Amino acid sequence: MKKVTLIGALAMVSLAGAAQAQIWASAAHNYLPGTQEDGSALPVDRTNTANALGVPQNDDSFPDTINFVSLGFGGQLTLSFGEQFKDTIYWYETTFGASFGHFEFADLYVGTGADALSATYHHVANLSNLVEGVPVSLATVQGNTGIFAWDFVKFVDTSSFIGLPYADGFDIDGVGADPIPAPGAAALLGVGGLLAARRRR
Ligand SMILES: [Ca+2]
Ligand SMILES: [Ca+2]
Ligand SMILES: [Ca+2]
């Protein structure tokens, strides 16, 4: 009997955890790489969109490993999560020496729609690599639009020239968001609690 109660409690814990954990981008769409500052093409190893998917490495140590995809000047990338999201965007950029003048920027948008190209996008914020790792709230855009379930995040590079020919614009290491709890999650939690309580008697 005690074993059954424990299983019930574990199920509750794991469900509660799943409802709160952030989700990470799982697919890349419509990658339109820009150029390096001198107009040349981005190095091929910086154009792998898979580097923007999954849990970010969050490692900006030098020499920087290629844990990111570069947008290039004026470039853009859209990401999705395999499910809708809301409330917060967790974004990780990679720049060695950002605070020493290697400034890079991108406009962040969230969108709704059947696919990345036809989705309708709303501007959220202009991101700076100086504050990468600081989550962005969607409260304002959600309040303005009345939309509380999103399908896509889009990044459009807005870096300005900094006098480095090889500068490659904003670099995306990983992007997370808050999931939308399944309608049944709260009910399941209630059932789990009820079962555990009943078996405890
Ligand atoms: Ca980083
Ligand atoms: Ca860069
Ligand atoms: Ca990465």
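The following refers to the structure shown. (Residues numbered from 1 in each chain as written. Chains lettered and ligands numbered in written order. Predicted model: local features only at pLDDT ≥ 70, side-chain atom pairs only at ≥ 80, totals over all residues.)

1. As for the overall build of the protein
And then number 1: Along the protein, the regular secondary structure elements total three helices and 10 strands.
And then number 2: Ordered by position from N to C terminus, the α and β elements of the protein give α-β-β-β-β-β-β-β-β-α-β-β-α.
And then number 3: Within the protein, the fraction of its 201 residues that count as buried is 31%. (Helix = DSSP H or I, 4+ residues; strand = E, 2+ residues; numbered from the N terminus. Buried ≥ 20, exposed ≤ 12 C-beta atoms within 10 Å, placed from the backbone.)

2. Notes on unusual backbone geometry
And then number 1: Of note in this structure, asparagine 30 is not a glycine but carries a positive phi near 50°.
And then number 2: Inspection of the secondary structure puts asparagine 30 in strand S2 (residues 27-32).
And then number 3: Although it is not a glycine, asparagine 58 adopts a positive phi angle of roughly 50°.

3. Examining the pairing of strand S5 (residues 85-93)
Looking along a regular strand, one sees the side chains alternate between the two faces of the sheet.
And then number 1: Pairing between S5 and strand S10 (residues 171-179): seven bridges, direction antiparallel. By the bridge assignment, glutamate 93 is partnered in S10 with isoleucine 172.
And then number 2: Here S5 runs beside strand S8 (residues 136-137); their pairing, made up of two bridges, is antiparallel. Across the sheet, isoleucine 89 pairs through a bridge with valine 136, a residue of S8. (Pairing = 2+ DSSP bridges.)

4. Observations regarding the nonpolar core
And then number 1: Ala52, Leu108, Phe155, Ile172 and Val175 are the most contacted members of the largest nonpolar core, which totals 30 residues.
And then number 2: Breaking this core down by element, the ones donating at least two residues are strand S4 (76-80), S5, strand S6 (105-112), strand S7 (120-128), strand S9 (152-157) and S10.
And then number 3: Setting aside residues up to four positions removed in sequence, alanine 52 forms contacts with Ala25, Ala28, Phe68, Val69, Leu77, Leu79, Ile172, Asp173, Gly174 and Val175. (Core = buried A, V, L, I, M, F, W, Y, C linked by C-beta atoms within 7 Å. Contact = placed C-beta atoms within 7 Å.)

5. A word on the sheet that holds S6
And then number 1: Strand order in the open sheet formed by five strands is S2-S4-S9-S6-S7, with antiparallel pairing between adjacent strands. In this open sheet, the two edge strands, each paired with only one partner strand, are S2 and S7. When the angles between neighbouring strand axes are averaged without regard to direction, this sheet yields 20°.
And then number 2: Sheet analysis places S2 next to S4, joined by four bridges and oriented antiparallel. Of the residues in S4, the one forming a bridge with histidine 29 is threonine 78. (Axes fitted to C-alpha atoms, helices over the stretch in contact; angles between N-to-C directions.)

6. A look at the environment of aspartate 64
And then number 1: On the secondary structure map, aspartate 64 appears in the loop between S2 and strand S3 (69-70).
And then number 2: On a C-alpha basis, the gap between aspartate 64 and phenylalanine 96 in space is 6.5 Å, while along the polypeptide they are 32 residues apart.
And then number 3: Not counting chain neighbours up to four residues away, the residues in contact with aspartate 64 comprise Thr94 and Phe96.

7. Describing the environment of glutamate 104
And then number 1: By secondary structure assignment, the location of glutamate 104 is in the loop between S5 and S6.
And then number 2: Taking the C-alpha atoms as reference, glutamate 104 lies 9.0 Å from alanine 167; in sequence the two are 63 residues apart.
And then number 3: Aside from chain neighbours lying at most four places away, what touches glutamate 104 is Thr95, Asn129, Ser159, Gly169 and Phe170.

8. Re the environment of phenylalanine 161
And then number 1: Mapping phenylalanine 161 onto the fold places it in the loop between S9 and S10.
And then number 2: A count of 10 C-beta atoms within 10 Å places phenylalanine 161 in the exposed class.
And then number 3: With 123 residues separating them in the primary sequence, phenylalanine 161 and aspartate 38 have C-alpha atoms 9.2 Å apart.

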